[in-house]
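# Tertiary structure, described
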Amino acid sequence: MASSTVRPEDRDRLDEQDVARRLLESSAKLSYDPATEVDWDTPLDKDFHGASPEWSTLYGTAYWNELTDAQRKELTRQEAASVASTGIWFEMILQQMVLRDIYTTDATDPRFQWALTEIADECRHSIMFARGAAKLGAPAYRPRRAVVELGRAFKTLAFGEAAYAAILVAEEVLDVMQRDWMRDERVAPFVRTINNIHVVEESRHMKFARDETRRRLRSAGPVRRQLNAFVIAVASYFIVTSMVNREVYANAGLDTRRALAEAGANEHHKSLMRSSCSGLMEFLASARLLTRPALALYRRANLI
């Protein structure tokens with residue numbers, strides 16, 4: 001009888017707390033310490049790729065067909081390091097947005113405690129990606145200066161569904177490609193371990209981001225929904241287009257101008273990106289965040 005008197009908003013809050021408790025329990029049971037789980041000591045074996053070759057931006061092009069096996073492997077190692085570096089960049093944005101979001105919330109609430117757990121995960125992931133990129137023999141790849149500054153503005157101004165849906169986009173895109181890489185025996189064993197750790201732990205983060213996006217949208221009117229749909233699409237565009245730095249080609253010993261031209265026209269890679277984002281686009285559509293301006297940006301980024 002007592003449960004029937006619970007107000008809908010209180011029931012929603014209790015349900016959300018229950019989700020956070022389950023995420024905390026899952027984290028306690030299944031989390032990894034990259035410092036001990038990843039084999040950092042064995043020297044890099046250059047007989048392995050850094051990522052599944054099919055995910056290379058040049059796979060299927062005329063230029064790819066001309067490359068030696070050693071050149072292909074070096075290219076995928078540089079590309080994997082670039083993806084990791086972009087992951088670090090966005091994880092730093094993510095951590096600041098989540099901290100800002102929970103700044104004045106109830107510390108006894110399981111949602112607050114889960115948010116701090118997620119931030120702790122992201123700190124470990126960033127260190128793991130940094131060490132992985134270094135072991136792959138790559139420099140510290142960074143997005144273009146203009147994109148870095150846009151990221152600085154985004155982490156300061158984004159709130160609610162814009163923040164959590166953008167987090168989801170970054171995590172979903174990485175999740176799909178890393179699931180392929182972690183199962184691929186052509187990929188360096190330590191990279192496969194890194195990918196496995198990230199996939200397992202990010203599955204909880206994606207659950208939280210989806211739930212938070214839906215929750216924040218409950219009170220969103222049409223103007224706010226339209227505005228944030230566009231903001232999310234802009235963030236998604238720059239995240240995805242920054243994943244592979246143009247410097248990877250020179251660092252792999254390739255002709256940068258030719259590589260950029262063939263990568264830009266590579267229909268195989270575009271198709272792979274679109275198929276990997278199908279679930280994400282279904283979610284955004286269900287949340288009514290696929291507005292006409294947003295769709296234009298997703299198409300330009302080859303996400304739909």
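If you're wondering where the values come from, they're calculated on a predicted model, not measured in any experiment.

## Considering the overall build of the protein chain
When its secondary structure is counted, the protein chain shows 14 helices and 0 strands. For the protein chain, the sequential pattern of α-helices and β-strands runs α-α-α-α-α-α-α-α-α-α-α-α-α-α. What you see for the protein chain is a C-alpha radius of gyration of 20 Å, in line with the 19 Å of a compact globule of 304 residues. If you line up the protein chain on its principal axes, its C-alpha atoms span 70 × 45 × 30 Å.

## What about the packing of aromatic side chains?
The final tally for this structure, using the stated rule, is 5 aromatic pairs. An angle of 65 degrees between the planes, with centres 6.3 Å apart, marks the rings of Trp89 and Phe90 as edge-to-face. You'll find Trp89 and Phe90 in the same group, each marked buried. Ring geometry for Tyr237 against Phe238: centres 5.2 Å apart, planes inclined by 85 degrees, an arrangement best described as edge-to-face. Members of the aromatic cluster, joined through ring pairs, are Trp114, Tyr164 and Phe208. Sitting above the plane of the Phe190 ring, Lys135 keeps its charged end 4.6 Å from the centroid. Looking at Arg258, its charged tip hangs above the ring of Tyr63, at a distance of 4.3 Å from the centre.

## Here's the deal with the side chain of Asp175
Within the secondary structure, Asp175 sits in helix H7 (residues 160-183). Dropping the residues within four chain positions of it, Asp175 is found in contact with Val199 and Met206.

Rules of the game
In this numbering scheme, every chain counts its residues from 1 along its sequence in written order. A pLDDT threshold of at least 70 governs which residues receive local features in this predicted model, and a stricter bar of 80 or more applies before side-chain atom pairs are shown or counted, although totals over entire chains, interfaces and linings include all residues. Heavy atoms throughout the structure, all of them, feed into the side-chain values; hydrogens and water do not. By definition, any uninterrupted DSSP run of H or I lasting at least four residues is a helix, any uninterrupted run of E lasting at least two residues is a strand, and each is numbered from the N terminus. The globule rule used here is 2.2 Å times the number of residues to the 0.38 power, and the radius of gyration it is set against is calculated over C-alpha atoms. When the centres of two rings from Phe, Tyr and Trp lie within 6.5 Å, Trp using its six-membered ring, the rings pair. Their planes under 30 degrees apart give stacked, over 60 give edge-to-face, and anything left gives tilted. To sort residues, take the accessible area from a 1.4 Å probe on protein chains only and compare it with the maximum for the residue type: under 20% means buried, over 50% means exposed, and anything in between is partly exposed. Charge-over-ring contacts are defined here by two conditions on Lys NZ or Arg CZ: a distance within 6 Å of the ring centre and an angle within 35 degrees of the ring normal. Residues count as neighbours in contact if any of their non-hydrogen atoms are within 4.5 Å of one another.

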